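# Breakdown of the fold
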Amino acid sequence: MKYFLIAVGGALGSVARFWVSSAVAARMGIDFPYGTMAVNLTACLIIGFAITYLGKRAGSKASATRFLFGVGFIGAFSTFSTFEWDTLSTLRSGALFLAALYVLGSLIFGLVAVWSGSWLAEAVS
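In this report, we go over the structure that sits alongside the text. (Residues numbered from 1 in each chain as written. Predicted model: local features only at pLDDT ≥ 70, side-chain atom pairs only at ≥ 80, totals over all residues. Heavy atoms only, no water.)

## Overview of helix 2 (residues 34-55)
- When the terminal C-alpha atoms of helix 2 are compared, their 31 Å separation across 22 residues agrees well with the 32 Å that a helix rising 1.5 Å per residue should span.
- Those residues of helix 2 that sit buried are Gly-35, Val-39, Asn-40, Ala-43, Ile-47, Ala-50 and Leu-54. The buried residues of helix 2 occupy an angular sector of 120° when projected down its axis, which confines them to one face. For helix 2, the exposed residues lying more than 90 degrees away from the buried face are Leu-41, Leu-45 and Phe-49. (Helix = DSSP H or I, 4+ residues; strand = E, 2+ residues; numbered from the N terminus. Expected span 1.5 Å × (residues − 1). Buried < 20%, exposed > 50% of the residue type's maximum accessible area, 1.4 Å probe, protein only. Arc of directions from axis to C-beta.)

This is the structure in structure tokens:
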């Protein structure tokens, strides 16, 4: 059942991401990725609220809501919010160095990975 809830939430989240990003880009233009930024910042607000709120609730209903909304919807809406949540959790645990390493490593190695993937695609095409 949890996989079904994740799938439904994921479908809704990906459609919501496309809709929000497209609507913001249509209004603000595409010179800057306003739509993506709007999605990422909105997702950060939502995940901060949802995980904290659902974490204070116990039981199967909270678990089902976590799979549908927390994992499925928010996960498909933006993984950036998960990155930010993980960073906050690491900071809250007092591991400032690990949080900084995670942020810098994700930024640097993520950019290298995107560049490498793009380079590879151009090399094979």
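## Details of the environment of Ile-30
- Structurally, Ile-30 can be placed in the loop between helix 1 (2-28) and helix 2.
- As a C-alpha pair, Ile-30 and Trp-19 span 11 residues in sequence and 15 Å in three-dimensional space.

## Notes on helix 1
- With 27 residues, helix 1 should cover 39 Å at 1.5 Å per step; its first-to-last C-alpha distance of 38 Å lies within 8% of that length.
- Here helix 1 has its buried residues at Leu-5, Gly-9, Gly-10, Gly-13, Ala-16, Val-20 and Ser-21.
- After helix 1 finishes, the residue Gly-29 shows a positive phi value of roughly 100°.

## Remarks on the packing of aromatic side chains
- Using the criterion set out here, one finds 6 aromatic pairs in the structure.
- Pairing Phe-69 with Phe-73 gives two aromatic rings, centres 5.5 Å apart and planes at 5°, and the pair type is stacked. Here Phe-69 pairs with Phe-73, and both are found in helix 3 (residues 60-77), just 4 residues apart, close to one helical turn.
- Under the relative-accessibility criterion, Phe-69 is labelled partly exposed at 31%. (Phe/Tyr/Trp six-rings, centres within 6.5 Å; stacked < 30°, edge-to-face > 60°.)

## Quick word on the side chain of Ser-81
- Along the chain, the position of Ser-81 falls in helix 4 (residues 80-92).
- For Ser-81, the side chain forms a polar contact with the main-chain oxygen of Ser-78, separated by 2.9 Å.
- Excluding its chain neighbours within four sequence positions, the residues that come into contact with Ser-81 are Ala-43, Cys-44, Ile-47 and Ile-74. (Polar contact = N/O pair within 3.5 Å; in protein donor to acceptor, adjacent residues only side chain to side chain. Contact = heavy atoms within 4.5 Å.)

## A closer look at the packing of helix 4 against helix 5 (residues 96-124)
- Remark: helix 4 packs on helix 5, axes separated minimally by 7 Å, with the N-to-C direction vectors making an angle of 160°. Between helix 4 and helix 5, the crossing angle belongs to the class labelled roughly antiparallel. Both helix 4 and helix 5 take part in a crossing whose hand is left-handed. From helix 4, Phe-83, Asp-86, Thr-87, Thr-90 and Leu-91 reach across to helix 5, where they touch Leu-96, Leu-98, Ala-99, Tyr-102, Val-103 and Ser-106. (Axes fitted to C-alpha atoms, helices over the stretch in contact; angles between N-to-C directions. Parallel < 35°, antiparallel > 145°, perpendicular 65-115°, else oblique. Left-handed = near helix turned anticlockwise from the far one by under 90°.)

## Overview of the nonpolar core
- Within the largest apolar cluster, 10 residues are counted, these being Ala-16, Val-20, Val-39, Ala-43, Ile-47, Ala-50, Phe-73, Ile-74, Phe-77 and Trp-85.
- For this core, the secondary-structure elements that each account for two or more residues are helix 1, helix 2 and helix 3.
- Ranked by residues supplied to this core, first place goes to helix 2 with 4 residues.
- With residues near it in sequence (within four places) discarded, Trp-85 still touches Ile-47, Gly-48, Ile-51, Thr-52 and Arg-92. (Core = buried A, V, L, I, M, F, W, Y, C linked by side-chain atoms within 4.5 Å.)

Function-wise, these values are silent; they only describe arrangement.
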